[in-house]
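Okay, here's what each chain looks like letter by letter:
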Amino acid sequence: MELYELTVHELQKLLARKESSAQEITRSIFSRIHATDEKIASFVTLTEEKAYEKASQIDKMGNYQNLAGIPYALKDLFCTRDIRTTCCSRMLEDFVPPYDSYAGRRLEEAGGILVGKLNMDEFAMGSSTEHSAFFTTRNPWDLQRVPGGSSGGSAAAVAAEQVPFSLGTDTGGSIRQPAAFCGVVGLKPTYGRVSRWGVVSYSSSLDQVGTLTRDVMDAAIILNHISGYDPMDSTSVNTAVPDYTQFLDGEVRGMKIAFPREYFQAGVDEDVRAAVKNALQLYESLGAELEEVSLPCSEYALPTYYLIAPAEASANLARFDGVRYGLRDMEAENVVEMFSQSRARGFGDEVKRRLLLGTYALSSGYYEEYYLKALKVRQLIKQDFERIFADYDLIICPTTTRTAFKIDEEIDDPLTLYMNDILTVPVNMAGLPGMSIPCGFADGLPIGMQIIGRAFDEASMLKAAFAFEQQTEFHRAKPHLEVK
Amino acid sequence: MDVQYETVVGLEVHAELKTASKIFCGCSTAFGAEPNTQVCPVCAGFPGMLPVLNEKVVELAIRTGLALNAEIAEHCKFDRKNYFYPDLPKAYQISQFDAPICKKGYLDIEIDGEKKRIGITRAHMEEDAGKLIHQGDITTTPFSLVDLNRSGVPLLEIVSEPDMRSGAEARAYMEKLRAILLFAGVSDCKMQEGSLRCDANVSVRPIGQKELGVRTEIKNLNSFRALERAVDYEAKRQIEALEDGEEIIQETMTWDEESGVTRSMRSKEEADDYRYFPDPDLPPLFISQEWIDRIRASMPELPDQAQQRLMDEYGLPEYDASIITLSPDTLAFFDECLQVYPDAKTLSNWMMGEMARLLNQNNIEIQEVRVRPEGLVSMLKMIDEGKISGKIAKKVFEEMFMTGKDPEQIVEEKGLIQISDPEVLQAMIAEIIASNPKVVDDYRSGKDKAFGFFVGQVMKKTRGKANPAIVNQLLKEHLDREG
């Protein structure tokens, strides 16, 4: 067993018993990254020097509490002080922030060792990493396939055992969908649970920081470390954060689980449907109460998302104008030309598409018809979920309609690509916590099961996920990577 | 068929709120610092940075609303106003669009002795933008520098109803608004530093017509005088254009102070689309009645109340009281004087006369002057006691104003003490009468001017120090006696 194969909780035990060191683990991690990343292409930046420095400091102190000595990586939209943060865009290719994100700082303070920054779709817009301005990350289970997105690098790195855990962000499924495609655990907490401070905004009312891990225990551990009220984020919520690991007891007896019929219908591949139905049977056999329900408004979630998210993005990304930082067109004759040329050169097609969409949706004369209506529909979607959660503890459904698709298969057809998010977007609309855990395979590709909880009840979600994991081996399966 | 036109004016005023830190971050708001020294990643619009509302801004906005008799909204929200400009770091301004914090207020102005109520549509909170420094002219500058010190400074935009009918009314509104903001302690209101800015919407219409005419907006009027002149000029320009059969185009104008004309900046034919939408980074703001009540209970005296007090308690004429209450510092000075010198009218004459003249001439504010209330009162007492004449007092006051010295000291140093000793004056008068027999004859033949000549001569000889009452009396005695 190599050190890089271990989970966070396994590494913690090893370190606590002083059977390994932060430096040893860091070396193992980097040798794994160097051996695999040529194929996987998860990383856009490696922070090897800083990582070894921190590892040596931790070993000197010899105190292996919290996350001391545990390597991790961040999606490249978490700002990192003195380390470039690109959002995988030409626009920010050389941008070095003078500050850390809140979540990143919490991990640093807990003793975590940042090893690098991970690939993503440009500004988190996409479901495959094919919209990264730099390169496409490969799915470790099949290098011809995408890892999902936008947190594709974050999921692939964990699946390929390049890091024990990573952070991503989820605006419409950007953690859960790549987690499903890569066969790892992806957790998107309740909106407001984790501060967005220092995370480059795509859609402020939907973006949420979350975790990608190899098992449920690790998800609970990392969530413990990044959750909590942050006065610097006005949308962060001031409610108590429990120790999530204490709910992981393997019990689901008496839990009321709903499965919404709309999420198993047309468009969901038979393999995926069967795998999730099997999982539901397992829950029933463990003593959970299951019932089919209806979430009729969910079918409007996708069009609603594609109005709200681009609208917010059109304002959030307007600051990339070439004036203060980022790419600037130097040939421009005047300031207006400088704005437009900098943006024309700095943004990729998908970003431009969404910015145009958003600008349009907010324009005078269209605002009421599009943006305002979308906000109202969003309330209806939220009420749908609230109605279910009045009677049930959890909702379970597939994370995605299908397993990972081939690179270049969908990139030319944005609408098909957008369909990838159809099962995950409603959760963002309602601000609820959701996670994806491995629940089967189809033709050697992982299938993800989505568990959705009440607002701020990540605990029940983790509890059910853990119980499933205890009864199955899906999370232990590893992609076969031929390494040099 | 001579059409008579009336002018219609509405004002949009931006007041910088007096907070130590900016509206959404902790940077200082102090004026005049080196460029880009009061800037952080938040107010420079860096990626991933989020706004956190400064509670003090809301408090000052509520305070202003109460001072302007406005309704304070229980719920309000912040919106993003989107536009690209190099001084706007996020390329959107956080402002309030359709749910402002204050609505439906008013203030009263006095115009030609008549009271007039001017409606205030709304007041909303927003952040200021930065400042551009061009190399020479904006159209030819090879590059421009951006100073973000001002970016994120809290503003309250106060929008009036189109209730004013002339430049003078606009000026009176602006002066009154400034007084209210100063009394309420919410803004420094320094027009020359830009902490109080004014845009005027001007249109004209035939008297009797209900619909408003096409309006133009005059930007950045940075003094009361500029406001009054610009409005009157613009109204005249519009009327002349209409009389010549031209149409008024909706456009943005700038005021050229030197040539005294308005000039077109840009046409507004293509309406700006700011694509306002609620800022998802800031939750809606709930303002409790309890908070409002607490602020209401701590409201200081406002100009109208102070004016009434001066009239009721000290019998000051309404006009004087309205002038004294244009600034809280003037009123404080006045009130301090009143404590020991209750002749309010004499005091207000001095405040509105010599004090105002010297402040104006030296371009300073009353809180900066060296003369203190006790100095002014000592000087007034010296007049009352006959130690100096009113004429000499003006010289003494100017000296006090410039040096801050006591009036007693000035009078002594300069030998300005009034000569009231009849024996000294009598000798002088005898001599003057003796050496001007012709004027004496004139006087006796009934020429009043001649008497003035003798007074003048005495004043000349005493360098103005002679007590005028005694001189008059003695002269009369002498001239009439010898006749």
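Definitions and cut-offs
Residues numbered from 1 in each chain as written. Chains lettered and ligands numbered in written order. Predicted model: local features only at pLDDT ≥ 70, side-chain atom pairs only at ≥ 80, totals over all residues. Heavy atoms only, no water. Contact = heavy atoms within 4.5 Å. Buried area = accessible area lost by both parts, 1.4 Å probe. Salt bridge = Lys/Arg side-chain N within 4 Å of Asp/Glu carboxyl O. Buried < 20%, exposed > 50% of the residue type's maximum accessible area, 1.4 Å probe, protein only. Helix = DSSP H or I, 4+ residues; strand = E, 2+ residues; numbered from the N terminus. Pairing = 2+ DSSP bridges. Expected span 1.5 Å × (residues − 1). Phe/Tyr/Trp six-rings, centres within 6.5 Å; stacked < 30°, edge-to-face > 60°. Lys NZ or Arg CZ within 6 Å of the ring centre and 35° of its normal. pLDDT = per-residue confidence, 0-100.

Trainee: Sorry, what's going on with the interface of chain B and chain A here?
Mentor: On the chain A side, the residues contacting the 32 residues of chain B number 39 residues. When the buried surface of chain B facing chain A is broken down by residue, Pro47, Leu50 and Phe84 of chain B rank first, second and third, together holding 22% of it. Here chain B is connected to chain A by one salt bridge. A salt bridge links Arg196 of chain A to Asp281 of chain B, with the nearest nitrogen and oxygen atoms 3.0 Å apart.

Trainee: Explain the pairing of strand 11 (residues 196-206) of chain B here, please?
Mentor: The side chains of a regular strand alternate between both faces of the sheet. Residue and element names in this part refer to chain B. Of all 11 residues in strand 11, 10 are buried, a share of seventy percent or more. Pairing of strand 1 (residues 5-16) with strand 11, which is carried by 11 bridges, proceeds in the antiparallel orientation. The partner of Glu12 across the bridge, within strand 11, is Asp199.

Trainee: Please clarify how helix 14 (residues 449-461) of chain B should be interpreted in this entry.
Mentor: Given 3.6 residues per turn, any residue in an α-helix points the same way as the ones three and four places further on. Residue and element names in this part refer to chain B. Between its terminal C-alpha atoms helix 14 stretches 19 Å, which fits the 18 Å expected from 13 residues at 1.5 Å a residue. Listing the buried residues of helix 14 in full gives Ala450, Phe451, Phe454, Val455, Val458 and Met459. With its phi angle positive at about 50°, Arg463 sits one or two positions after the end of helix 14.

Trainee: Explanation requested: the packing of aromatic side chains in the structure shown.
Mentor: Both the distance between ring centres and the angle between the ring planes are used here to describe each pair of aromatic rings. Taken as a whole, this structure holds 30 aromatic pairs over all chains when the rule is applied. Measuring from centroid to centroid gives 6.0 Å for Tyr360 of chain A and Tyr370 of chain A, while their planes differ by 40°, and the two rings are tilted. Placement of Tyr360 of chain A in helix 11 (residues 349-362) and of Tyr370 of chain A in helix 12 (residues 368-389) is noted, with a sequence separation of 10 residues between them. When its relative accessible area of 41% is taken as the criterion, Tyr360 of chain A is described as partly exposed. Centroid distance Tyr83 of chain B to Tyr274 of chain B: 5.8 Å. Interplanar angle 70°. Geometry classified as edge-to-face. Residue Tyr83 of chain B is located in the loop between strand 4 (79-82) and strand 5 (92-95), and its partner Tyr274 of chain B is located in the loop between strand 14 (261-267) and strand 15 (277-278); the two are separated by 191 residues in the primary sequence. Tyr83 of chain B sits in the partly exposed class, given a relative accessible area of 26%. Judged by relative accessible area, Tyr274 of chain B falls into the partly exposed class, the value being 26%. Aromatic rings pair up to connect Phe95, Tyr99, Phe123, Phe320, Tyr325 and Phe347 of chain A together with Phe46 of chain B into one cluster. The ring centre of Tyr274 of chain B lies 4.3 Å from the NZ or CZ of Lys81 of chain B, which sits over that ring.

Trainee: What is the right way to look at the environment of Ala466 of chain B in this model?
Mentor: Residue and element names in this part refer to chain B. As for its placement among the helices and strands, Ala466 is situated in the loop between helix 14 and helix 15 (468-482). You can call Ala466 buried: its relative accessible area is 0%. Separated by 141 residues in the primary sequence, Ala466 and Thr325 place their C-alpha atoms 36 Å from one another. If we skip the residues at most four places from it in the chain, Ala466 touches Gln418, Ile419, Leu425, Val458, Met459 and Val471.

Trainee: Just checking my understanding: could you explain the confidence of the model for chain B for this structure?
Mentor: Detailed conclusions should not be drawn from predicted coordinates in areas where pLDDT is low. Per-residue confidence for chain B gives a mean pLDDT of 91; residues scoring 70 or more make up 98%. Listed scores for the predicted complex are pTM 0.91 and ipTM 0.96.

Trainee: So what exactly am I meant to see when it comes to the environment of Ile366 of chain B here?
Mentor: Residue and element names in this part refer to chain B. Mapped onto the elements of the fold, Ile366 is located in the loop between helix 8 (344-362) and helix 9 (373-384). Residue classification places Ile366 among the buried positions, given a relative accessible area of 5%. Sequence spacing of Ile366 and Ala356 is 10 residues, and the spatial spacing of their C-alpha atoms is 8.8 Å. Residues within four places of Ile366 in sequence aside, it is in contact with Ser327, Asp329, Thr330, Phe333, Met351, Met355, Leu359 and Arg372.

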